[in-house]
Amino acid sequence: MKWVSEASPTDRSGDIPKKIQVKRIGFFLILFFCALLCTAALTLRLAGIQVCIVQGHSMDNTLFDGERLFINSSAEPRFGDIAVFRYGESYVIKRVIGLPGDTVSCVDGTLCVNDVAYEEGYLTPALCEEFETSSFLASVGEGEYFVLGDNRDNSRDSRVFGCLPEEAFVGVAIFKI
């Protein structure tokens, strides 16, 4: 007895119903995208890229509570960078103002680094009213960083806890989501 098929001998699509073909393709697409995401996550991790979540308001109007940041743990902090540091049992996100060997001063709200006045265009006047009348002087030692929050009136930073050691550095913010 011979089986007769309407499909030609080279046309194998008639062997598998269309519904099963679509499910198979969908499964392999999902599997492919999962593998792609895992590869991307592993590549980012190996490159020193991490994700962190902003908690608190010390960086308002630049960063807000609950925002996510990509940080690069292999980058060296530079002047003006937003960086993450370990402080005790927690982490702080602040702007790097003083690098090792710098002198940071403030007279009546004007920030100076190595006796050069620095214009901070990212600050919001409403968040710096008390800062406008403050004065301080700090010498940054070797292997230390002086950091300030952008919300100067609501920030615990190097004005309170001093310079942060290089070992406390976690990473530099490179992108926010």
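Source: prediction; values computed, not measured. (Residues numbered from 1 in each chain as written. Predicted model: local features only at pLDDT ≥ 70, side-chain atom pairs only at ≥ 80, totals over all residues. Heavy atoms only, no water.)

Things to note about the overall build of the protein chain
No. 1: Looking only at helices and strands, the protein chain features 2 helices and 11 strands.
No. 2: Scanning the protein chain from its N terminus toward the C terminus, one meets helices and strands in the order α-β-β-β-β-β-β-β-β-β-α-β-β.
No. 3: Each of the 177 residues in the protein chain was classed as buried or not, and the buried ones make up 34%.
No. 4: A separation threshold of at least 6 residues defines the contact pool for the protein chain, and within that pool the share at least 24 residues apart is 60%.
No. 5: For the protein chain, the accessible surface area stands at approximately 11500 Å², while carbon and sulfur atoms represent 59% of it. (Helix = DSSP H or I, 4+ residues; strand = E, 2+ residues; numbered from the N terminus. Buried < 20%, exposed > 50% of the residue type's maximum accessible area, 1.4 Å probe, protein only. Contact = heavy atoms within 4.5 Å. Areas by Shrake-Rupley, 256 points an atom, 1.4 Å probe, with all protein chains shown as cover.)

Points about the pairing of strand β11 (residues 169–176)
Within a regular strand, side chains alternate between the sheet's two faces.
No. 1: As defined by bridge partners, strand β2 (residues 68–72) adjoins β11 across 4 bridges and the pair is classed as antiparallel. Looking at the pairing, N72 lines up with V172 of β11.
No. 2: In the sheet, strand β3 (residues 82–87) pairs with β11 via 3 bridges, with the strands oriented antiparallel. Its bridge partner being in β11, A83 is matched across the sheet by V172. (Pairing = 2+ DSSP bridges.)

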